[in-house]
Amino acid sequence: MRADICDFEKHQKTPNQQGTPQGGVISPLLSNIALHGMENRIKQIKGASLIRYADDFVILHENLAALKVCQNVISEWLSHYDLELKPSKTKVVHTLNELDKNQPGFNFLGFNIRQYKVGKYQSGKNGQGKLLGFKTVIRPSSDSVRRHYNKISETIGRLKAAPQEKIISELNPIIRGWCNYYRTVCSQETYSKLGSLTHKRLRRWADRRHPNKGKYWVGNKYWTAIGGDNWVFGKEYKDDKITLERHTKTAISRHVKVRGNKTPYDGDTIYWAKRKGSHPELKPSTAKLLKKQNGKCNWCNLNFLDGDLIDTDHITPKQAGGNNSQDNLQLLHKHCHDAKTKSDLLVIKLYKAKKSGEKTQKWFNNLDWNWVDDIPTLLKVGTQTEPEKRGAQ
């Protein structure tokens, strides 16, 4: 972008000859500023929705003719800013069926979004619970998978003579970052495929280093066993075991969409603590409990709202044997905490009665007694009794 630089305080405008390179750290922010308002323009078309990140966006509509109208509207809107759609990156596709010789689905931000025809037991449903006959599947795009594996392969090839710990330290950030980006979609099958390809590439790297050794010797040198997995690429290094990150070890965790009007700076600490498990304005323990309870009070099961008075409560009261561990803590509304405390009085009373009974039982068992006519009777001081008859009826 080569827009002029404006100084609003001095009312001066300076020509910008160099501009901002595409892919620069500030490029997405400038794109958001320039294209702000595009969503509101598309919302004026009934049934249309727009998803945008920087200068990449997708417009969704169930009707093809309406989608053509949206394309014309966007082209007209962009023309006011001396911008235009790039023909090579603009296309109209169907997510379920082939359209104009284009395969179903589309790629967006490294993801492939496509719908598949399925039976009634796997079919998705609309807002009224009616079966749709298809299922939407989002997975890493083939181009993204190819680039990721090429980066792994190039890194291994560049470190042909490097020690094993260098290979691990270089690959771990690449694998961890890529897997975390795609862990919210259907990536398990892709993870498994990439894990297999990475293992084969590392095997070629190891065999090349020891051409005169057998495959079993090479396997035992560079791979170790952890738990039930006998093929973990790792070794002992500085009194510690370092291992390569496994694609398949990344757990799939579905993403919950952020509310359209929410921002981390809006002061709603409860909402963001519930999502992230942390917030700078809340104690870490409180934020973790909010996330654990999904933002709900454990007593009334209602959502915490901004401005509610929230107390930390012991699930099992300390006077009834409870402790301060995280598993024994919960968040309650202040009025719910009062009701919980009232019910805890009975729990504490029963606990104290139980402890008192156990104390009496222990004291009685330490006395010298015997059964006489089915009655436990204390023996006189100095009286001896046979050990095998103690406690017998």
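These figures come from a predicted structure and were not determined experimentally.

1. As for the state of the cysteines
In the structure shown here, the tally under the stated rule is zero disulfides. No disulfide involves Cys 297; its sulfur sits 3.8 Å from the nearest other cysteine sulfur, which is in Cys 300. The exposure class assigned to Cys 297 is buried, which follows from its relative accessible area of 0%.

2. Examining the nonpolar core
In terms of nonpolar packing, the biggest core is built from 31 residues, with Ile 167, Leu 171, Trp 178, Leu 202, Trp 205, Tyr 222 and Phe 233 touching the most fellow members. Breaking this core down by element, the ones donating at least two residues are strand E5 (106–108), strand E6 (111–117), helix H4 (142–158), helix H5 (164–181), helix H6 (188–209) and helix H7 (215–222). No other element matches the seven residues that H5 contributes to this core. What Ile 167 contacts, discounting residues up to four positions off in sequence, is Ile 156, Leu 159, Leu 202, Trp 205 and Phe 233. Listed in part, the 15 residues of the second largest apolar core include Leu 50, Trp 77, Leu 78 and Leu 99.

3. Topic: the side chain of His 337
You can see His 337 is positioned in helix H10 (residues 334–365). When its relative accessible area of 16% is taken as the criterion, His 337 is described as buried. Within the structure, His 337 has its side chain in polar contact with the side chain of Asp 311 (distance 3.2 Å). Not counting chain neighbours up to four residues away, the residues in contact with His 337 comprise Asp 311, Thr 312, Asp 313 and Leu 332.

4. Looking at the pattern of salt bridges
Throughout the structure, instances matching the rule amount to 13 salt bridges. Arg 146 is the salt-bridge partner of Asp 143, the closest N and O atoms lying 2.8 Å from each other. Residue Asp 143 and its partner Arg 146 are both found in helix H4; the two are separated by three residues, about one turn of the helix. Judged by relative accessible area, Asp 143 falls into the partly exposed class, the value being 36%. For Glu 170, the salt bridge is made with Lys 166, and the minimal N-O distance between the two is 3.2 Å. Taken as a pair, Glu 170 and Lys 166 lie in helix H5 at a separation of four residues, close to a single helical turn.

What counts and how
- Residues numbered from 1 in each chain as written.
- Predicted model: local features only at pLDDT ≥ 70, side-chain atom pairs only at ≥ 80, totals over all residues.
- Heavy atoms only, no water.
- Disulfide = S-S within 2.5 Å.
- Buried < 20%, exposed > 50% of the residue type's maximum accessible area, 1.4 Å probe, protein only.
- Core = buried A, V, L, I, M, F, W, Y, C linked by side-chain atoms within 4.5 Å.
- Helix = DSSP H or I, 4+ residues; strand = E, 2+ residues; numbered from the N terminus.
- Contact = heavy atoms within 4.5 Å.
- Polar contact = N/O pair within 3.5 Å; in protein donor to acceptor, adjacent residues only side chain to side chain.
- Salt bridge = Lys/Arg side-chain N within 4 Å of Asp/Glu carboxyl O.

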